[in-house]
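Examination of the molecular architecture
One-letter residues, chain by chain:
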Amino acid sequence: MSKKKTINISLTDFIDFVNKSGGSKMTKVKQVKYRDSYHPASDFYKSLREEIIDVHKNNLDKKVLDDLIEKLTDLKKKTNYPLSISGYKKFWGKKKIEWFDPPFKHWLIGDLDIKINPELGIEFGGKFYVIKLFLKSEKITKDKLSQILSLMENQLRSETDDEVIFCVLDVKNAKLYENAKGDFSYLPLLEGEAKSFETIWKAL
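This write-up is about the structure you can find in this document.

Parameters at a glance
- Residues numbered from 1 in each chain as written.
- Predicted model: local features only at pLDDT ≥ 70, side-chain atom pairs only at ≥ 80, totals over all residues.
- Heavy atoms only, no water.
- Helix = DSSP H or I, 4+ residues; strand = E, 2+ residues; numbered from the N terminus.
- Rg over C-alpha atoms; globule rule 2.2 N^0.38 Å.
- Buried < 20%, exposed > 50% of the residue type's maximum accessible area, 1.4 Å probe, protein only.
- Contact = heavy atoms within 4.5 Å.
- Areas by Shrake-Rupley, 256 points an atom, 1.4 Å probe, with all protein chains shown as cover.
- Polar contact = N/O pair within 3.5 Å; in protein donor to acceptor, adjacent residues only side chain to side chain.
- Pairing = 2+ DSSP bridges.
- Axes fitted to C-alpha atoms, helices over the stretch in contact; angles between N-to-C directions.

Along the backbone of the chain there are 7 helices and 8 strands. Relative to the globule expectation of 17 Å for 204 residues, the C-alpha radius of gyration of the chain, 18 Å, shows essentially globular dimensions. Once the C-alpha set of the chain is aligned to its principal axes, its extents read approximately 50 × 40 × 35 Å. For the chain, the residues scored as buried account for 46% of the 204 residues in total. Long-range pairs, those at least 24 residues apart, make up 68% of the contacts in the chain between residues at least 6 apart in sequence. For the chain, the exposed surface amounts to about 11,400 Å²; the carbon and sulfur share of it is 51%.

The following block contains the structure:
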């Protein structure tokens, strides 16, 4: 018997799908299914995410983030990254930040495999935060925030301590959004959307 093949997608792609309507949902699934295999060059914010993680893991000064700009050769990144770095440094401020490894988990629903992978596990002010970075230029909507936070709470709470606060950080605007513990309000919607994604994928 052949092993059942799972459909592997990122949390970002899934949330983008959830927030589209009508025919644009099918377009999104096509885009994910038929695009080239992942390559770092196609991940616009990969270097920045890794630099932010590295700075905290190695307890470095926030000024190190500015050095990343000098290493960039992509003109779009040279233009875009400074806004994100400025926003992250503003969020950091004078906080004394300690690193811990954030939890991650694969959300398996039907044949769909969605990796729930917050980038940061940091402690400051006596509290522990697990943070998903939102780096896009577009404004993050309340719906998207609630969807991401509901999934993190639902999937990762068992992987970490009770006192951990799940958050999304709007990096450019230096705004941290915390989840209300135990809030799974968007879960039924997300489960339905996951089944819809799988159905469309298999029909293409």
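To continue, consider the environment of Ser10. Of note, Ser10 is situated in strand β1 (residues 7-10). Along the primary structure Ser10 and His106 are separated by 96 residues, whereas in three dimensions their C-alpha atoms are 9.8 Å apart. Here Asp13 takes part through its backbone nitrogen, which lies 3.0 Å from a polar atom of the side chain of Ser10.

As summarised here, the arrangement of the 5 strands in space is β2-β5-β6-β7-β8, forming an open sheet in which the pairing is mixed. Each having just a single partner strand, β2 (98-99) and β8 (175-178) make up the two edges of the open sheet. Pairing geometry for strand β6 (residues 127-134) and strand β7 (residues 165-170), over 6 bridges, is parallel. Looking at β7, one finds that Leu133 is bridged to Leu169. Sheet contacts for helix α5 (residues 75-92): β5 (120-124), β6, β7 and β8; angle to β5, the most-contacted strand, approximately 35°.

None of the figures reported here should be taken as evidence of function without further support.
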